[in-house]
Amino acid sequence: MPTRLAGTAGSLPAKAPGNSTMAGIRLLGYSPRVRAAEGGSAGCTPMPEALPKEVLPKASMRGKMKGLLGRLVGAATFELRLFGLLLAVSAMLLFVVGFYVEHAMRESLYAQMGQHAEVQARQIAAIPELVHAVRRRDLEEIAHIAITMKDRTDASFIVVGDEKGRRLYHPQSPVGTPMQGDDNTPVLVEGHSEVTLREGSLGFGMRGKAPIKDEMGRIIGVVSVGYLQDVILSRNVAQRGPLVMFLTFALGILFLSAWFFARSIKHQMLDMEPAEISRLVRQQEAVFDSIMEGVVAVDGLDRVTAINHAAREIIGDERASGAIIGQRFADLVGNAGFVTGEGSGRELRDEVVLFNNVQVIVNRLPIVVDGKNQGWVISFRRKDDISSLSRQLSQIKRYADNLRVVRHEHMNWISTLSGLLEMRYYDEALQLAKMQSETQQRVLDYISGTFVNPHVCGLLIGKYYRARELGLGLVFEPGCRLAGLPQVLKISEWLSIIGNLLDNAFDAALAVEERKQCITFLMMDSANDIVIEVADTGCGIDERLRDSLFERGVSSKPGGERGIGLYLVKTFVEQTGGAITIEDNEPRGTVFSVFIPKGASHADI
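Residues numbered from 1 in each chain as written. Predicted model: local features only at pLDDT ≥ 70, side-chain atom pairs only at ≥ 80, totals over all residues. Heavy atoms only, no water.

Caption draft 1: View of the overall build of the protein. Across its full length, the protein carries 17 helices and 16 strands. With 605 residues in all, the protein has 38% of them scored as buried. The contacts of the protein with a sequence gap of at least 6 include a subset with a gap of at least 24, amounting to 58%. With an accessible surface of roughly 34800 Å², the protein has 58% of that area assigned to carbon and sulfur atoms. (Helix = DSSP H or I, 4+ residues; strand = E, 2+ residues; numbered from the N terminus. Buried < 20%, exposed > 50% of the residue type's maximum accessible area, 1.4 Å probe, protein only. Contact = heavy atoms within 4.5 Å. Areas by Shrake-Rupley, 256 points an atom, 1.4 Å probe, with all protein chains shown as cover.)

And the structure:
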């Protein structure tokens, strides 16, 4: 027999007499508003013409409470605000899920109880004894069967009626009275079982109805099995218990999770507030851009993560920092092997390299996190800035050396002259004065006439007197000739080459016990090259150091500050495309020869 569900929970019948519809709506949680005034529509409340005066203090109080709440939120720490936000969002989501689950459980309960009532009604209607009793109108037998079945089931009531909807059995109402609810028509006319929500004489409840048919299939009565509202609500409450416990447990877990998550975030932020972090970042950016050296941070994949204004200015990149971050450092500076090439895994200190054809002095230090290298911090500045300082220091040092040497020479000469005068050897004193003056003038005339460049002349005069002070002799080859210095090197670099070669020769000559050692110097301006040659008669070069002599830090002499001079000489010579050679001198010593082409292009430094 087909079954029709009419008026289940959430789907009330279109027509319901009396207050049955209102009661059904109340059961489902709805509360419609009645008419507010005569002629007004349901659910509408007339708007007052003016706000009553007693409402104004309440509105002011609400404004004060909102202001106080805003100040409290502003004064709360980031940890508490994050915890409150996470807890509020989680609790809201949990409430929504709980409400949905509870609603689904209630709907399922109504559907299950309606189905249960319908099945029971159909089973009771099919009992043969009940069919015979209804056909014979045996009221005692009908009552006996109904009471027996009521005791065997959990139903709130069982009602039996005839084919016209009059009661044949009812727990409280007299026999022969019509059944209430107006929901028997589909059962008695069409012969379908159904489930309805109606208000009956016993109260509001869910009723399952089934027709009673005789052996010929004729409808002779109806059975109604019902569950009252209090029974349904008690079962709904029993179902809510585990759900409430689960939601309470979940809320506790969310509380702890939100608290520990907020604590973890605050710990990762070094226990600082966002405002403090923002202020610190701005300060670091200001400090970063105020550094006169170029500073670039690079990650392990050679990508730029930070760059300051000085670095962009040195490499000639006018873009903003944001446009550069993320690019490969090798592409930025045009030096592919600096970060990823050979030797890129070690620290660098004061190395001279080229960045976009700009010669810079660079330092490279690793960024180590938890014992692992996460990238590099690269700082650099133009070499000509250092060269300018170096040139000034070299000039001051040279002037000081010259003054010290001249002072020493003059003190010896004046002491001798003073002794001769004391002994009244006037002629000898006059002859000594003339001889000293002629010797100095001859040296000055030779150097100034042979080497036109005043800087070179000043350096050689200082080195000449320095050699005399050390007990050495500085001899100039007859072929010396210098009309001018080409622009392939700066004047400070020319002076560095000459000065370092002569100092190296002085040290080598002083390393032997014999005195009166001579250093021979040649500087010649040929057709295509500038040739510089320095020969000494010192200790020579150890064969084990000959191949690595020009490397930084390598020296045949003891001391931690050695190994720089020849490294600079080689750097400047290679910069011009020139060459430097080392030969053994006869009978002993070393000859350094430098060849610098005049036409070589010089890097813009």
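Following the structure, the description resumes.
Caption draft 2: Representation of the packing of aromatic side chains in the model. Enumeration over the complete set of coordinates arrives at 7 aromatic pairs. Pairing Phe451 with Phe476 gives two aromatic rings, centres 6.1 Å apart and planes at 55°, and the pair type is tilted. Note that Phe451 is positioned in the loop between α14 (426–450) and α15 (454–469) and Phe476 in strand β12 (residues 473–476), a separation of 25 residues in sequence. For the pair Phe451 and Phe476, a shared accessibility class is recorded, and that class is buried. Chaining the aromatic ring pairs together yields one cluster made of Tyr446, Phe451, Phe476 and Phe521. If you follow Arg364 out to its NZ or CZ, it ends over the ring of Trp376, 5.0 Å from the centre. (Phe/Tyr/Trp six-rings, centres within 6.5 Å; stacked < 30°, edge-to-face > 60°. Lys NZ or Arg CZ within 6 Å of the ring centre and 35° of its normal.)

Caption draft 3: Structural view of the nonpolar core. The biggest cluster of nonpolar side chains holds 45 residues, and the ones touching the most others in it are Phe451, Phe521, Met523 and Ile532. Counting residues per element, this core draws most heavily on helix α16 (residues 491–510), at 9 residues. Once you skip the residues sitting within four places of it in the chain, Phe451 turns out to touch Val456, Cys457, Leu460, Phe476, Cys480, Leu482, Phe521 and Met523. Counting 33 residues, the second largest nonpolar core, distinct from the first, contains Ala117, Ala121, Val195 and Ala210. (Core = buried A, V, L, I, M, F, W, Y, C linked by side-chain atoms within 4.5 Å.)

Caption draft 4: Up close: the packing of α15 against α16. Viewed as axis vectors pointing N to C, α15 and α16 meet at an angle of 15°, and their least axial separation amounts to 10 Å. Taken as axis vectors, α15 and α16 run roughly parallel relative to one another. Of the two possible hands of crossing, α15 and α16 adopt the one that is right-handed. Residues His455, Val456, Leu459, Leu460, Lys463, Arg466 and Ala467 of α15 pack against Ile491, Leu495, Ile498, Gly499, Leu502, Asp503 and Phe506 of α16. For the contact of α15 with α16, the class distribution of residues is 9 nonpolar, 2 polar and 3 charged. (Axes fitted to C-alpha atoms, helices over the stretch in contact; angles between N-to-C directions. Parallel < 35°, antiparallel > 145°, perpendicular 65-115°, else oblique. Left-handed = near helix turned anticlockwise from the far one by under 90°. Nonpolar A, V, L, I, M, F, W, Y, C, P; charged D, E, K, R; others polar.)

Caption draft 5: Structural context of α15. Between its first and last C-alpha, α15 extends 23 Å over 16 residues, near the 22 Å set by a 1.5 Å rise per residue. Among the residues of α15, Val456, Cys457, Leu459, Leu460, Gly462, Lys463, Tyr464, Tyr465 and Ala467 are the ones counted as buried. Taking the backbone nitrogen of His455 as reference, a side-chain oxygen 2.9 Å away marks Asn453 as the first, capping residue of α15. Looking one or two residues beyond α15, the residue adopting positive phi is Gly471, at roughly 80°. (Expected span 1.5 Å × (residues − 1). Polar contact = N/O pair within 3.5 Å; in protein donor to acceptor, adjacent residues only side chain to side chain.)

Caption draft 6: Up close: helix α5 (residues 139–152). Between its first and last C-alpha atoms α5 spans 20 Å; for 14 residues at 1.5 Å apiece the expected length is 20 Å, and the two agree. Among all positions in α5, only Ile142, Ala143, Ile145, Ala146 and Met149 are buried. The arc that holds the buried residues of α5, viewed along the axis, is 165°, so those residues lie on one side. Opposite its buried face, α5 presents the exposed residues Glu140, His144, Asp151 and Arg152, each directed more than 90 degrees away. Those residues of α5 that are buried lie in contact with α3 (78–125), α4 (128–136), β2 (157–162) and β3 (167–169). (Arc of directions from axis to C-beta.)

Caption draft 7: Just the pattern of salt bridges, in detail. Scanning the entire structure with this criterion turns up 12 salt bridges. In this structure, Glu215 engages Arg135 in a salt bridge whose closest nitrogen and oxygen atoms are separated by 2.7 Å. With a gap of 80 residues between them, Glu215 in the loop between β5 (203–213) and β6 (219–228) and Arg135 in helix α4 connect regions that are remote in the sequence. Since its relative accessible area comes to 54%, Glu215 is described here as exposed. Classification of Arg135 as partly exposed rests on a relative accessible area of 42%. Its salt-bridge partner being Asp162, residue Arg166 comes within 3.2 Å of it at the nearest N-O pair. On the basis of relative accessible area, Arg166 is assigned to the partly exposed category, the value being 32%. Given the relative accessible area of 2%, Asp162 is considered buried. Connected via shared salt-bridge partners are Asp302, Arg328 and Asp331. (Salt bridge = Lys/Arg side-chain N within 4 Å of Asp/Glu carboxyl O.)

Caption draft 8: Layout of the sheet that holds β12. Spatially, β12-β13-β14-β16-β15 is the arrangement adopted by the 5 strands of the open sheet, whose pairing is mixed. Each edge of the sheet is formed by a strand with only one pairing partner; in this case those strands are β12 and β15 (579–584). Adjacent strand axes in the sheet meet at a mean angle of 15° when their direction is disregarded. Here 7 bridges tie strand β14 (residues 529–536) to strand β16 (residues 590–597), and the two strands are oriented antiparallel to one another. (Pairing = 2+ DSSP bridges.)

Caption draft 9: Representation of empty space enclosed by the protein in the model. In the structure shown here, the tally under the stated rule is 2 cavities of 30 Å³ or more. Considering only enclosed or pocket space, the largest cavity measures out at about 110 Å³ in volume. Along the walls of the largest cavity sit 13 residues, with Phe157, Val159, His170, Ser201 and Arg207 positioned nearest its centre. Here the lining of the largest cavity takes 3 residues from β5, the largest share from any one element. Broken down by class, the residue content of the lining of the largest cavity amounts to 4 nonpolar, 6 polar and 3 charged. (1 Å grid on protein atoms, 1.4 Å probe; cavity = no way out; pocket = protein on both sides within 12 Å on 5 of 7 lines; lining within 4 Å. Points joined across faces, edges and corners; volume = space filled by probe spheres on them.)

Caption draft 10: A look at the sheet that holds strand β11 (residues 372–382). Overall, antiparallel pairing links the 5 strands, which are arranged β8-β7-β11-β10-β9 in an open sheet. Lying at the two open borders of the sheet, with one neighbouring strand each, are β8 (304–307) and β9 (348–355). Within the sheet, the average angular offset between the axes of one strand and its neighbour, ignoring direction, is 30°.

Spatial relationships are all this shows, so hold off on functional conclusions.
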